[in-house]
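Examining the three-dimensional arrangement
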Amino acid sequence: VQLQASGGGLVQAGGSLRLSCAASERLSSYRYMAWFRQTPGKEREFVAAISMSGGFTYYADSVKGRFTISRDNAKNTVMLQMNSLKPEDTAVYFCAAGKSTITSNVRNSRAYAYWGQGTLVTVSS
(Lines give C-alpha, C1' and ligand atoms only; values in the text may rest on other atoms or scores of the structure.)
Protein backbone atom coordinates (compact mmCIF):
# COMPACT_ATOMS: atom_id res chain seq x y z
CA VAL A 1 0.00 0.00 0.00
CA GLN A 2 1.35 3.39 -0.98
CA LEU A 3 -0.09 6.80 -0.21
CA GLN A 4 1.20 9.88 -2.00
CA ALA A 5 0.32 13.22 -0.46
CA SER A 6 0.61 16.46 -2.40
CA GLY A 7 -0.68 20.02 -2.52
CA GLY A 8 1.13 21.66 0.35
CA GLY A 9 2.71 25.08 0.06
CA LEU A 10 2.92 28.61 1.38
CA VAL A 11 -0.27 30.64 1.69
CA GLN A 12 -1.32 33.81 3.47
CA ALA A 13 -3.73 33.72 6.37
CA GLY A 14 -7.29 33.56 5.07
CA GLY A 15 -6.25 31.73 1.95
CA SER A 16 -6.99 28.21 0.74
CA LEU A 17 -5.11 25.07 -0.20
CA ARG A 18 -6.21 21.68 -1.41
CA LEU A 19 -4.30 18.59 -0.40
CA SER A 20 -4.57 15.31 -2.25
CA CYS A 21 -3.71 11.77 -1.21
CA ALA A 22 -3.41 9.24 -3.99
CA ALA A 23 -3.66 5.60 -2.96
CA SER A 24 -2.11 2.66 -4.78
CA GLU A 25 -5.21 0.56 -4.10
CA ARG A 26 -8.88 1.15 -4.68
CA LEU A 27 -10.40 3.22 -1.90
CA SER A 28 -12.86 0.42 -1.19
CA SER A 29 -9.85 -1.55 0.14
CA TYR A 30 -9.88 0.66 3.22
CA ARG A 31 -12.39 1.36 5.95
CA TYR A 32 -11.23 4.90 6.67
CA MET A 33 -8.82 7.44 5.31
CA ALA A 34 -7.73 10.46 7.26
CA TRP A 35 -5.51 13.49 7.49
CA PHE A 36 -3.28 14.22 10.45
CA ARG A 37 -0.83 17.04 11.00
CA GLN A 38 2.30 17.49 13.04
CA THR A 39 4.49 20.36 14.15
CA PRO A 40 8.00 20.00 15.60
CA GLY A 41 8.01 18.66 19.14
CA LYS A 42 4.34 17.78 19.13
CA GLU A 43 2.40 14.60 18.62
CA ARG A 44 0.58 13.93 15.39
CA GLU A 45 -2.84 15.60 15.55
CA PHE A 46 -6.06 14.39 13.97
CA VAL A 47 -7.54 16.71 11.35
CA ALA A 48 -10.25 14.86 9.42
CA ALA A 49 -11.38 11.39 8.40
CA ILE A 50 -13.79 9.87 5.93
CA SER A 51 -15.33 6.43 5.80
CA MET A 52 -15.08 4.54 2.54
CA SER A 53 -18.50 3.01 3.15
CA GLY A 54 -21.10 5.74 3.33
CA GLY A 55 -18.71 8.66 3.13
CA PHE A 56 -19.21 9.72 6.75
CA THR A 57 -16.87 12.52 7.75
CA TYR A 58 -15.24 13.49 11.03
CA TYR A 59 -13.36 16.67 11.89
CA ALA A 60 -11.25 18.09 14.66
CA ASP A 61 -12.99 20.98 16.36
CA SER A 62 -10.17 23.29 15.33
CA VAL A 63 -10.88 22.83 11.61
CA LYS A 64 -14.63 22.20 11.58
CA GLY A 65 -16.35 24.58 9.20
CA ARG A 66 -13.10 25.48 7.43
CA PHE A 67 -11.79 22.14 6.13
CA THR A 68 -13.62 19.59 4.01
CA ILE A 69 -12.50 16.01 3.41
CA SER A 70 -13.78 14.23 0.32
CA ARG A 71 -12.96 11.28 -1.89
CA ASP A 72 -12.79 10.50 -5.59
CA ASN A 73 -13.22 6.77 -6.00
CA ALA A 74 -12.41 6.85 -9.70
CA LYS A 75 -9.01 8.39 -8.98
CA ASN A 76 -8.34 6.49 -5.75
CA THR A 77 -7.79 9.88 -4.13
CA VAL A 78 -8.85 11.60 -0.93
CA MET A 79 -8.75 15.38 -0.79
CA LEU A 80 -8.63 17.93 1.99
CA GLN A 81 -9.93 21.36 1.03
CA MET A 82 -8.62 23.89 3.50
CA ASN A 83 -10.21 27.34 3.59
CA SER A 84 -9.79 30.33 5.88
CA LEU A 85 -6.35 29.12 6.81
CA LYS A 86 -4.74 30.39 9.98
CA PRO A 87 -1.07 30.54 11.01
CA GLU A 88 -1.79 27.82 13.57
CA ASP A 89 -2.67 25.47 10.70
CA THR A 90 1.01 25.45 9.75
CA ALA A 91 2.24 21.86 9.94
CA VAL A 92 3.28 18.83 7.97
CA TYR A 93 0.10 17.12 6.85
CA PHE A 94 0.00 13.34 6.55
CA CYS A 95 -2.62 11.17 4.92
CA ALA A 96 -3.40 7.82 6.43
CA ALA A 97 -5.44 4.75 5.59
CA GLY A 98 -6.79 1.93 7.69
CA LYS A 99 -8.27 -1.39 6.72
CA SER A 100 -9.40 -2.29 10.22
CA THR A 101 -10.09 1.15 11.67
CA ILE A 102 -13.32 1.36 13.63
CA THR A 103 -15.53 4.40 14.10
CA SER A 104 -14.60 4.95 17.74
CA ASN A 105 -10.91 5.17 16.79
CA VAL A 106 -10.98 7.40 13.72
CA ARG A 107 -9.25 10.21 15.61
CA ASN A 108 -6.45 7.95 16.87
CA SER A 109 -3.32 7.82 14.72
CA ARG A 110 -2.64 4.28 15.93
CA ALA A 111 -5.81 3.14 14.16
CA TYR A 112 -4.18 3.66 10.77
CA ALA A 113 -1.63 1.21 9.38
CA TYR A 114 -0.64 3.07 6.23
CA TRP A 115 0.85 6.55 5.96
CA GLY A 116 1.93 8.92 3.23
CA GLN A 117 5.15 10.90 3.33
CA GLY A 118 3.68 14.23 4.45
CA THR A 119 3.31 17.58 2.76
CA LEU A 120 4.22 20.90 4.35
CA VAL A 121 1.61 23.61 4.75
CA THR A 122 2.84 27.02 5.84
CA VAL A 123 0.38 29.80 6.60
CA SER A 124 1.88 33.26 6.97
CA SER A 125 0.27 35.98 9.05
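Now for a description of the structure that goes with this document. (Residues numbered from 1 in each chain as written. Predicted model: local features only at pLDDT ≥ 70, side-chain atom pairs only at ≥ 80, totals over all residues. Heavy atoms only, no water.)

Brief notes about the environment of S109
Position of S109 among the secondary structure elements: in the loop between β9 (91–98) and β10 (114–115). Classification of S109 as partly exposed rests on a relative accessible area of 22%. Between the C-alpha atom of S109 and that of F46, which follows or precedes it by 63 residues, the distance is 7.2 Å. (Helix = DSSP H or I, 4+ residues; strand = E, 2+ residues; numbered from the N terminus. Buried < 20%, exposed > 50% of the residue type's maximum accessible area, 1.4 Å probe, protein only.)

Some details on the state of the cysteines
Under the counting rule described, the total for this entry stands at one disulfide. Between C21 and C95 runs a disulfide, and the two sulfur atoms are separated by 2.2 Å. Across the S-S bond of C21 and C95 the torsion is about 60°, and the bridge reads as right-handed. Placement of the pair is C21 in strand β3 (residues 17–23) and C95 in strand β9, with a sequence separation of 74 residues. The exposure classification of C21 matches that of C95, with both residues buried. (Disulfide = S-S within 2.5 Å.)

Quick notes on the sheet that holds strand β7 (residues 67–72)
Reading across from one edge, β1-β3-β8-β7 is the order of the four strands in this open sheet, with antiparallel pairing throughout. Looking along the sheet, the strands with just one partner apiece sit at the ends: β1 (3–6) and β7. Within the sheet, the average angular offset between the axes of one strand and its neighbour, ignoring direction, is 15°. Here six bridges tie β3 to strand β8 (residues 77–82), and the two strands are oriented antiparallel to one another. Counterpart to A22 in the pairing with β8 is T77. (Pairing = 2+ DSSP bridges. Axes fitted to C-alpha atoms, helices over the stretch in contact; angles between N-to-C directions.)

Describing the pairing of strand β4 (residues 32–38)
Burial analysis of β4 places six of its seven residues in the buried class, the great majority of the element. Bridge analysis of β4 against strand β5 (residues 45–51) gives six bridges, and the strand direction is antiparallel. Within β5, the position partnered with A34 by the bridge is A49. Taking the residues between adjacent antiparallel strands as the criterion, β4 and β5 are bridged by six residues, where G41 takes a positive phi near 80°.

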